[in-house]
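# Structural features, examined
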Amino acid sequence: NEPKRAAGCGDYNAVFLDALIATLECGGDRAARLRAFGLIYAGWGVGYAFYRDECWRAAGHATLEDFLEASYVGGCADADADDLLAMLRTWRAAPAAPPDLGDVTARVVLAPCDTDRYFRVDELERREAVALRDAVLRPLSSPYGHRAGDPWGPEMTREREWLCGEMGRFVAEAC
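Our next topic: the confidence of the model for the protein chain. Looking at the protein chain, the pLDDT average stands at 91 and 96% of residues meet or exceed 70. Taken element by element, the protein chain is modelled with least confidence in helix H7 (residues 128-131), mean pLDDT 90, and with most confidence in helix H4 (residues 64-76), mean pLDDT 96.

Have a look at this one:
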């Protein structure tokens, strides 16, 4: 069995992943390492505008620190560092661009958020949208960054409605 690989890991993502890996591999207190891991992730999970416009308030957080503690630090507190390292190393080992996309025959909708730091619209437009035989690129405009792809929190009603509407249109176009 060949090991599973992530879809792609360019230099920009590699820098992020290397910081997370180094944080988990450094010595010291487990809780402190997981806290640092969560705080690094907080800079990547949502876009710049999310912090600038204080979008964390819409989720009921009174302060930025409250948001970070509840969302990222708290979300990582019970994590298994070895599991996180395995995930990060799998992603880090991926080639810069996903291989063999020309072999994909399924219709594909690429719906990145315009502030996503992992799946950037310009890269998807230049790479995946060209390599896939039957792909459409439909970016979502949102300050929620990578989190906009899982818009089930009450503060992301607009993102959820957009995603459901776009997916409905995509399916309807196939009929």
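Okay, the state of the cysteines next. The full count for this structure, using the stated rule, is zero disulfides. No disulfide involves Cys55; its sulfur sits 11 Å from the nearest other cysteine sulfur, which is in Cys113. Between Cys175, a free cysteine, and Cys164, which holds the nearest cysteine sulfur, the sulfur-to-sulfur gap is 17 Å.

Attention now goes to the packing of aromatic side chains. Tallied over the full model, the rule gives 14 aromatic pairs. An angle of 45° between the planes, with centres 5.0 Å apart, marks the rings of Tyr12 and Trp44 as tilted. With a gap of 32 residues between them, Tyr12 in helix H1 (residues 11-25) and Trp44 in helix H2 (residues 30-45) connect regions that are remote in the sequence. Residue Trp44 is classed as buried on the basis of its relative accessible area of 10%. Sitting above the plane of the Phe170 ring, Arg107 keeps its charged end 4.0 Å from the centroid. Against the face of Trp44 rests Arg117, its NZ or CZ located 4.3 Å from the ring centre.

What follows concerns the packing of H2 against helix H5 (residues 81-92). Put simply, H2 and H5 touch, their axes get as near as 13 Å, and they point 40° apart. Taken together, the axes of H2 and H5 lie oblique to each other. Here Leu34, Phe37 and Tyr41 of H2 come into contact with H5, specifically with Leu84, Met87, Leu88 and Trp91. Its residues placed into classes, the contact of H2 with H5 shows seven nonpolar, no polar and no charged.

A separate point is unusual backbone geometry. Residues other than glycine seldom take positive phi values, yet Glu54 does so here, at roughly 55°. By the element assignment, Glu54 lies in the loop between helix H3 (48-52) and H4.

Calculation rules
- Residues numbered from 1 in each chain as written.
- Predicted model: local features only at pLDDT ≥ 70, side-chain atom pairs only at ≥ 80, totals over all residues.
- Heavy atoms only, no water.
- pLDDT = per-residue confidence, 0-100.
- Helix = DSSP H or I, 4+ residues; strand = E, 2+ residues; numbered from the N terminus.
- Disulfide = S-S within 2.5 Å.
- Phe/Tyr/Trp six-rings, centres within 6.5 Å; stacked < 30°, edge-to-face > 60°.
- Buried < 20%, exposed > 50% of the residue type's maximum accessible area, 1.4 Å probe, protein only.
- Lys NZ or Arg CZ within 6 Å of the ring centre and 35° of its normal.
- Axes fitted to C-alpha atoms, helices over the stretch in contact; angles between N-to-C directions.
- Parallel < 35°, antiparallel > 145°, perpendicular 65-115°, else oblique.
- Contact = heavy atoms within 4.5 Å.
- Nonpolar A, V, L, I, M, F, W, Y, C, P; charged D, E, K, R; others polar.

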